[in-house]
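# What the coordinates show
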Amino acid sequence: GPAGLAAAQQLNRAGHWVTVLERDKKAGGLLRYGIPDFKLEKHIIDRRLKIMEEEGIKFETSAEVGKNYDVEKLKSFDAVVLCGGATERRNLPIPGADTKGVVQAMDFLKRNNEVVDGLAEMTEELSAKGKDVIVIGGGDTGSDCVGTSNRHGAKSVTNFEIMPMPPEHRSKENPWPYWPFTLKSTSSHAEGQHRNWSISTKEFIQDKEGNLQALKTVNIEWVKGENGRPQL
């Protein structure tokens, strides 16, 4: 991923012989499998990898240490840098999280990128075509899921965000040099979706066959605590 590639390049420039072990079919990590092509075209990654190979860095793909790559082989190296990435998904701790129709962004975005790259085929479970889609989370990952759902041909796309809608301009409580907490909209939002603020999902409701039928939600109010920090 980006951390492993950056470490490899810096070590190589310092004069070390570097081998990058990647468990997927291609290197890039979340750059390749997490970010959609409409935000980051993969030929940019491939161009960088080619330069790194010409600089002397070796890449071994489909090599997962401890599975199909013997751990003992690591002893042949002078040092090992661990850059395993952040691919472990985190479930919502609410009833019905394992309901059929509740899909993790990590699974959804990776499969879509593999399909676009010709490495896999789309499954019904991970396809948004003709479906009413709710994306929980209003950050970059949520934005990527919104844009991807639209490209699949979703019937509708709704975005839930637990935080209140930020102002378009800085407030007096958010002066420079603090990070600007202002409204951020991406091209995915402009392509079509319904954006909901200050909303939290409490339960996934399923039908008799175990399919997702509805979401139980509550409206959220944020108030300032004694220390000035917002509290739910």
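First, a word on scope: everything that follows refers to the structure included in this document. What you see is a predicted model; the values in this text were computed from it and never measured.

### Focus: the pairing of strand β3 (residues 132-136)
Side chains V133 and V135 project from β3 onto a buried face, and the interleaved D132, I134 and I136 project onto a face without burial. In this structure, β3 lies alongside strand β4 (residues 156-160), joined through five bridges in parallel fashion. Pairing of D132 across the sheet is with S156, part of β4.

### Some remarks on the nonpolar core
In this structure, L5, A8, V18, V20, A27, L40, I45, L49, M52, I57 and F59 together form the largest nonpolar core, which totals eleven residues. Secondary structure elements with two or more residues in this core: α1 (2-13) and α3 (42-54). The element that contributes the greatest number of residues to this core is α3, accounting for three residues. Setting aside residues up to four positions removed in sequence, L5 forms contacts with G28, L49, M52 and F59.

### Things to note about the sheet that holds β3
Taken together, three strands build an open sheet; the order of strands is β3-β4-β5 and the sheet is parallel. What marks the edges here is a single partner per strand, and that holds for β3 and β5 (194-196). Neighbour to neighbour, the strand axes of the sheet diverge by 20° on average, direction disregarded. Inspection of the sheet shows β4 paired to β5 by three bridges, in the parallel sense.

Rules of the game
Residues numbered from 1 in each chain as written. Predicted model: local features only at pLDDT ≥ 70, side-chain atom pairs only at ≥ 80, totals over all residues. Heavy atoms only, no water. Buried < 20%, exposed > 50% of the residue type's maximum accessible area, 1.4 Å probe, protein only. Helix = DSSP H or I, 4+ residues; strand = E, 2+ residues; numbered from the N terminus. Pairing = 2+ DSSP bridges. Core = buried A, V, L, I, M, F, W, Y, C linked by side-chain atoms within 4.5 Å. Contact = heavy atoms within 4.5 Å. Axes fitted to C-alpha atoms, helices over the stretch in contact; angles between N-to-C directions.

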